[in-house]
Amino acid sequence: MIVRAAPPPAALVRMRRVAGLLLVAMAVAFFASRALEPRHPGWGFVRAFAEAAMVGGLADWFAVTALFRHPLGLPIPHTAIIPRNKDRIGDQLAQFLREYFLIPAVVARRMQRIDVAAAAGRWLANPRGAGGSRLTRGISRLATEVLQALDQERLGGMVRAMMVTRVRETELSPMLGRALAAAMAEERHRPVIDALVRWMRGALGSNEHLIRAMVHDRAGTVLRWTGLDETLANKIIDGLDKLVAEMADNPEHPLRLKVEEAMASVAERLQHDPEMRARVETVKIELLENPAMQDWINGLWEQARAAMLRAARDPDALMAGKLGEALHQLGATLQDDPRLGRIINRFVRRAAVGAAADYGDAIVRLVSETVRGWDAQTVTQRLENAVGKDLQFIRINGTLVGGLVGVVIHSVDVLL
C-alpha cells in the first residue's frame, strides 16, 4: 500500500525561505562589497564575511539537501541518502524496536512503573476530566473505525459460528434441570403456576361455546329434546370454573401440588434420565438447524453490532446511562481498592510481556513492511517534517558561522 505524506508545516516552509533569503543576501553583499572595496578598506571585511558566509551556507544547503534528495536534481553520488536507503532504514528501525523495546524483560521493567488500574480508574470515574474528553473522543473514533473497517460478513459469520458451536458443545438438559430445581427450591416457580391458572381461567371463559357445542353433539336425542344437554354443559362449565378458582385461591390445592410434583420430576429427569437428556439434545440440534433460528441468530449479531456502533459514536450517552453508572462505580473502586489495582496491573503487565514474547517478531515485520510500502518521497517528507526547523537552522547557522570565520581570516590576513 502506497501512503502519501502530508505537506510540510507552514513553519518549516517559512524557515526554508529565511535560510534561502539569507544566502541570497550574502551573495548580494558579496558582489556589492567587492565593487566598493577599492573605495574603503572596511568593505574588505564585509566582502570576507559575505564570501565565507556564502561558502558555509552553500555547503550546509548541499549537506542538508543531500540527505533527502539530489541537489538541483543532479544524480551526484552519495546524495538522496534517505530515499536510496529507505528499505534498510525500515529494517534497522524494526530491528532496533525488537532489540531494545520488545524484549519481555524490558517490557516488564517498564510496565512496573505504570499504574494502569489507577489511570483507568481516574478516567472511568471522571471521563470528562483533564484530558479525559480528548481520550474519550479518541477511543470513540478508534472503536468506530475498527468496527466499520472489519469485514462484517466474515466477522458476523465467525460470531455466529462461535455461538452455534458453543451451544452444540454444551449439554442443555442438566443445566435446565438444575435451573428448574433451584427455582423450585426458592419457590420462584409459584408465579409461573399462578400465571398458568389465570390463563386457564381466561381460556375457559373464552371457550364456553366450544364446551356447550361438544356436549350438545355428544348428547343423545332424548337429552337434546328435553334440554338436559344445556343443563349438563352448565354444570361442567361451573365445575371447571370453581376448580380453577380454588386453584387460584389456594396455593396448597391438590392439583397445584400435582403440578409441582410433575415439575420436580421433570427437573430430576432432565439431570439424570439418559432418555430425556438425549431427547433434549435432539430438539436442540433441530432448533439450531432450523432456518428461522439461524435468521434469529443473524439478527442478534446485527443488533449487537449496531449497538456497539451507537455506543462508539456517542460515548457520552453511553456513560450517562446505567452502564455509565456502573463504569463510574468501577472507576471509584479501582482507585480505592489497592488489592484490585494490583491484580489488574499484574494482569496487564503479564499480557504486555506475553504480547512482546509472542508477537514481537510480527510487530517487527509490520514496521519493516510498512516502511517498505511507503514511496521514497513519503519517507523523505515524513523524516524532514519530523526534524522540522532544525535543518534550516543548520543552514542559517552555517551561513553566519562561515561569515564570522571569513572575517577572522581576513583580519589575520590584514594584520600579517
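Quick caveat: nothing in here was measured; it's all calculated off a predicted structure.

Examining the overall build of the chain
Okay, so step 1: When its secondary structure is counted, the chain shows 21 helices and 0 strands.
Okay, so step 2: Out of the 416 residues in the chain, the part that is buried amounts to 28%.
Okay, so step 3: Intrachain contacts of the chain at a sequence separation of at least 6 include 73% that bridge at least 24 residues.
Okay, so step 4: Accessible surface, the chain as shown: approximately 26900 Å² in total, 63% of it carbon and sulfur.

Description of the side chain of Ser-173
Okay, so step 1: Secondary-structure assignment places Ser-173 in helix H9 (residues 172-185).
Okay, so step 2: Its relative accessible area of 0% is what places Ser-173 among the buried residues.
Okay, so step 3: A polar atom in the side chain of Ser-173 sits 2.5 Å from the backbone oxygen of Leu-270.
Okay, so step 4: In this structure, Ser-173 is in contact with Leu-270, Arg-277, Val-280 and Glu-281, ignoring residues within four places of it in sequence.

A look at H9
Okay, so step 1: Given a rise of 1.5 Å per residue, 14 residues ought to cover 20 Å, and the 20 Å separating the end C-alpha atoms of H9 matches this to within 8%.
Okay, so step 2: Every buried residue belonging to H9 is among Ser-173, Pro-174, Gly-177, Ala-183 and Met-184, and all of these are buried.
Okay, so step 3: Buried positions along H9 lie against helix H14 (254-272) and helix H15 (274-289).
Okay, so step 4: Of the residues trailing H9, Glu-187 is marked for its positive phi of about 60°.

Some details on the pattern of salt bridges
Okay, so step 1: Within this structure, the stated rule accounts for 11 salt bridges.
Okay, so step 2: Residues Arg-277 and Glu-171 are paired through a salt bridge, measuring 2.8 Å at the closest nitrogen-oxygen approach. Residue Arg-277 is found in helix H15, and its partner Glu-171 is found in the loop between helix H8 (152-169) and H9; the two are separated by 106 residues along the sequence.
Okay, so step 3: Glu-275 serves as the salt-bridge partner of Arg-279, at 3.2 Å between the closest nitrogen and oxygen. Of this pair, Arg-279 and Glu-275 both sit in helix H15, separated by 4 residues, roughly a single helical turn.
Okay, so step 4: Salt bridges here are not isolated pairs; linked through shared partners, they connect Glu-37, Arg-47 and Glu-51.

Concerning the packing of aromatic side chains
Okay, so step 1: Applying the stated criterion to the full structure yields 1 aromatic pair.
Okay, so step 2: Centroid distance Phe-30 to Phe-31: 5.2 Å. Interplanar angle 70°. Geometry classified as edge-to-face.
Okay, so step 3: Residue Phe-30 is classed as buried on the basis of its relative accessible area of 10%.
Okay, so step 4: A relative accessible area of 55% places Phe-31 in the exposed class.

Some details on the side chain of Arg-47
Okay, so step 1: Among the structural elements, Arg-47 can be located in helix H2 (residues 42-68).
Okay, so step 2: Arg-47 sits in the buried class, given a relative accessible area of 18%.

Some thoughts on the layout of surface pockets
Okay, so step 1: Put simply, the second largest pocket is a space of about 160 Å³.
Okay, so step 2: Taken together, Met-163, Val-164, Val-167, Leu-172, Val-280, Val-283, Lys-284, Leu-287, Leu-288, Met-293, Trp-296 and Ile-297 form the lining of the second largest pocket.
Okay, so step 3: Mapped onto the lining of the second largest pocket, the elements with two or more residues apiece are H8, H15 and helix H16 (291-313).
Okay, so step 4: The element best represented in the lining of the second largest pocket is H15, accounting for 5 residues.
Okay, so step 5: Broken down by class, the residue content of the lining of the second largest pocket amounts to 11 nonpolar, no polar and 1 charged.

Overview of helix H5 (residues 104-111)
Two residues of an α-helix separated by three or four positions point the same way, owing to the 3.6 residues in each turn.
Okay, so step 1: Three or more residues of H5 are buried, namely Val-106, Val-107 and Met-111. Buried residues of H5, seen end-on, are gathered within an arc of 130° and therefore sit on one face of the element.

Section: the nonpolar core
Okay, so step 1: By size, the foremost hydrophobic cluster in this structure holds 7 residues: Val-64, Phe-68, Ile-82, Val-371, Trp-374, Val-379 and Leu-391.
Okay, so step 2: Membership of the second largest hydrophobic core comes to 6 residues, among which are Met-184, Ile-193, Val-197 and Met-263.

Calculation criteria
Residues numbered from 1 in each chain as written. Predicted model: local features only at pLDDT ≥ 70, side-chain atom pairs only at ≥ 80, totals over all residues. Heavy atoms only, no water. Helix = DSSP H or I, 4+ residues; strand = E, 2+ residues; numbered from the N terminus. Buried < 20%, exposed > 50% of the residue type's maximum accessible area, 1.4 Å probe, protein only. Contact = heavy atoms within 4.5 Å. Areas by Shrake-Rupley, 256 points an atom, 1.4 Å probe, with all protein chains shown as cover. Polar contact = N/O pair within 3.5 Å; in protein donor to acceptor, adjacent residues only side chain to side chain. Expected span 1.5 Å × (residues − 1). Salt bridge = Lys/Arg side-chain N within 4 Å of Asp/Glu carboxyl O. Phe/Tyr/Trp six-rings, centres within 6.5 Å; stacked < 30°, edge-to-face > 60°. 1 Å grid on protein atoms, 1.4 Å probe; cavity = no way out; pocket = protein on both sides within 12 Å on 5 of 7 lines; lining within 4 Å. Points joined across faces, edges and corners; volume = space filled by probe spheres on them. Nonpolar A, V, L, I, M, F, W, Y, C, P; charged D, E, K, R; others polar. Arc of directions from axis to C-beta. Core = buried A, V, L, I, M, F, W, Y, C linked by side-chain atoms within 4.5 Å.

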